[in-house]
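Architecture at a glance
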Amino acid sequence: MEKNASTSSLKDLGPSGLDLTSAFFKPIHNSDPPLPSNRRTKVSVVGVGNVGMAIAQTILTQDLADEIALVDAKPDKLRGEMLDLQHAAAFLPRTKITASVDYEVTAGSDLCIVTAGARQNPGESRLNLLQRNVALFRHIIPPLAKASPDSILIIVSNPVDVLTYVAWKLSGFPVNRVLGSGTNLDSSRFRFLIADHLDVNAQDVQAFIVGEHGDSSVALWSSISVGGIPVLSFLEKQQIAYEKQTLEDIHQAVVGSAYEVIGLKGYTSWAIGYSVANLARTILRDQRKIHPVTVLARGFYGVDGGDVFLSLPALLGRNGVVAVTNVHMTDEESEKLQKSAKTILEMQSQLGL
């Protein structure tokens, strides 16, 4: 198979390379030349596994890009996924879909989403897995940055917090243009559980999980509101008793939910697909929405000690991370966040970057 898996054109379909376009369409006489069109939006997805394809498919069906470029190291799998999406063209918004093992296919991207990552082998330590993923990123991030020097990078590969730091270092991009999917999905699961308990729409629940995308994440109970009503303040004013363990149980359900899905179906895909497409929409359409995503946290909420990336509620727009939101945290929540930062810094310190 050729190195480049690319789309078929009309010329390829015509006999002897005949261009069929001129036979099908006749220009209108005395018409003005076409007006210059607005710049086309291009999104590249690196890694066409279950997660990468769920993201690409969701971005495609939500009409968020004029062009989607797919990159993977497996040419047959890559071309198969490309063709499968192309064959659905009659049912979807008009989007050009390309694919290649060569990162040149990503040139001119507005957004580059990295989902590629090594899987953990039986008995393998977390550090060894991390080292293998860092080695993989050395082959991914520099060519992406070279092909699209003005793009925004979203890292989805795990451990997402450390690998977002690695991508920032390897890309040389300003810090606002490198972020990770972080706890955006964790927070969605959190909102779902609260909404399900109260029997309301999850979109009416404001709630954040911050810190590490992992076991040391922090649930910001003090900032939860439903329909604009702060939940804990309401319970206290109404003298409604609640046990702290109940809150912790909900947080643990959030942490364990991904493991449950993986245990049942072998992997997670659709929820992270919608989560990352949600981030893409906010960025590409400059919606200035607040998402809990992996950003450089040094100097926020008492986090110090080095360049550590973890999830904080961040205002996102067309230039990537616009600002970090100054949400209320209790002393206990702030301490937990700083402890989460130290956990990530310990992992980073072993990378030698």
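Everything discussed here concerns the structure shown above.
As a starting point, this report considers the structure included with it. (Residues numbered from 1 in each chain as written. Predicted model: local features only at pLDDT ≥ 70, side-chain atom pairs only at ≥ 80, totals over all residues. Heavy atoms only, no water.)

With the rule as written, the count across this model stands at four aromatic pairs. Measuring from centroid to centroid gives 5.0 Å for Phe 190 and Trp 221, while their planes differ by 85 degrees, and the two rings are edge-to-face. Separated by 31 residues along the polypeptide, Phe 190 in helix α7 (residues 184-198) and Trp 221 in the loop between β9 (218-219) and β10 (225-226) bring together distant segments of the chain. Of the two residues examined, Phe 190 and Trp 221, each falls in the buried class. The ring of Phe 173 carries the charged tip of Arg 177 above its face, separated from the ring centre by 4.5 Å. (Phe/Tyr/Trp six-rings, centres within 6.5 Å; stacked < 30°, edge-to-face > 60°. Helix = DSSP H or I, 4+ residues; strand = E, 2+ residues; numbered from the N terminus. Buried < 20%, exposed > 50% of the residue type's maximum accessible area, 1.4 Å probe, protein only. Lys NZ or Arg CZ within 6 Å of the ring centre and 35° of its normal.)

Turning to the layout of surface pockets, a few remarks are in order. Of the voids in this model, the second largest pocket is the one considered here, and its volume is about 550 Å³. Forming the walls of the second largest pocket are 20 residues, and the residues nearest its centre are Asn 184, Ser 188, Arg 191, Asn 278 and His 291. Looking at the lining of the second largest pocket, the elements with two or more residues in it are α7, β7 (205-206), α10 (270-284) and β12 (289-296). Top element by residues in the lining of the second largest pocket is α7. It accounts for six residues. Split by residue class, the lining of the second largest pocket holds 10 nonpolar, eight polar and two charged. (1 Å grid on protein atoms, 1.4 Å probe; cavity = no way out; pocket = protein on both sides within 12 Å on 5 of 7 lines; lining within 4 Å. Points joined across faces, edges and corners; volume = space filled by probe spheres on them. Nonpolar A, V, L, I, M, F, W, Y, C, P; charged D, E, K, R; others polar.)

Here we come to α7. Taking 1.5 Å as the rise per residue, α7 with 15 residues should run 21 Å; its terminal C-alpha atoms sit 21 Å apart, in good agreement. Looking only at α7, the buried set comprises Asn 184, Leu 185, Asp 186, Ser 187, Arg 189, Phe 190, Ile 194 and Ala 195. (Expected span 1.5 Å × (residues − 1).)

For the rest of this paragraph, the subject is helix α3 (residues 50-61). In this model, α3 (12 residues) spans 16 Å end to end at C-alpha, consistent with the 16 Å of a helix rising 1.5 Å per residue. Along α3, the positions that sit buried rather than exposed are Gly 52, Met 53, Ala 54, Ile 55, Ala 56, Thr 58, Ile 59 and Leu 60. Residues of α3 that are buried in the fold lie against β1 (42-46), β2 (67-71), α4 (75-86), β3 (96-100), β4 (111-114) and α10. Note on α3: the residue one or two positions beyond its end, Asp 63, has a positive phi of about 55 degrees. (Contact = heavy atoms within 4.5 Å.)

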